[in-house]
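Each chain is listed here by its residues.
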Amino acid sequence: MKKLLIVTILCYSLFGGTVVSAKKPLDLMCDNREDIIRFVSEDREMMLQVDYIMHRESRCRQLAFNPKDPNGGSYGLFQINGYWCQPSKYSKLGWLQEKKILNTCADLWDPIINAKAFMVMYDYAGWQPWGGKPWI
């Protein structure tokens, strides 16, 4: 029995034990949208910035709509403006349509499509469409 214990300890010290990792908890304003936030980024700082933008823009509501914004209003969690999903002199179909993100502006009600739109817009223009980098 003693030999078995020594062999077990030796194997454990040589090969290590089971490592269990858990995602570090975040203090989110949109805690019910953590899945969407983690879909956008796994970087902690970026996740907190995305959470801040989502809360500021829509209060975490996927059906948020601001009809007072120009170009047909702004849609969904990230308040994507209609400019990005309507035909214009710069984009025959709509910028997000050309990027194969959606078919119509109404698709922005889907939180995953809204997050994908956010991601391609962020890659293209940084924080500018949301008024600059969030200071959190």
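Relevant structure appears above.
What follows is about the nonpolar core. Within the largest apolar cluster, 31 residues are counted, with the highest numbers of intra-cluster contacts made by Val-50, Phe-78, Ile-80, Leu-96, Leu-108, Phe-118 and Trp-130. Put simply, the parts of the chain that give this core at least two residues each are helix H2 (34-40), helix H3 (44-58), helix H4 (95-98) and helix H5 (111-125).

Counted according to the given criterion, the structure contains 2 disulfides. Paired through a disulfide, Cys-30 and Cys-60 show a sulfur-sulfur distance of 1.9 Å. For the disulfide bridge between Cys-30 and Cys-60, the dihedral angle about the S-S bond is near -75 degrees, and by the sign convention the bridge is left-handed. Highlighted residues: Cys-30 in the loop between helix H1 (2-15) and H2 and Cys-60 in the loop between H3 and strand E1 (65-66), separated in sequence by 30 residues. Taken individually, Cys-30 and Cys-60 each receive the classification buried, so the pair is uniform in this respect. Sulfur-sulfur distance for the disulfide between Cys-85 and Cys-105 comes to 1.9 Å. Its S-S torsion of about 105 degrees marks the bond between Cys-85 and Cys-105 as right-handed, since a negative value means left-handed. With a gap of 20 residues between them, Cys-85 in the loop between strand E3 (80-81) and H4 and Cys-105 in the loop between H4 and H5 connect regions that are remote in the sequence. By the burial criterion, Cys-85 is buried, and Cys-105 matches it. Looking at the protein chain, its bonded cysteines, counted consecutively from the start of the sequence, adopt the pairing 1-2, 3-4.

This part takes up the sheet that holds E3. Across the sheet, which stays open at both edges, the 3 strands sit in the order E1-E2-E3 with antiparallel pairing between neighbours. Of all the strands in the sheet, the pair left with one neighbour each is E1 and E3. Inspection of the sheet shows E1 paired to strand E2 (residues 74-75) by 2 bridges, in the antiparallel sense. Bridging from a neighbouring strand, Asn-66 pairs with Ser-74 of E2.

Cut-off values and rules
Residues numbered from 1 in each chain as written. Predicted model: local features only at pLDDT ≥ 70, side-chain atom pairs only at ≥ 80, totals over all residues. Heavy atoms only, no water. Core = buried A, V, L, I, M, F, W, Y, C linked by side-chain atoms within 4.5 Å. Buried < 20%, exposed > 50% of the residue type's maximum accessible area, 1.4 Å probe, protein only. Helix = DSSP H or I, 4+ residues; strand = E, 2+ residues; numbered from the N terminus. Disulfide = S-S within 2.5 Å. Pairing = 2+ DSSP bridges.

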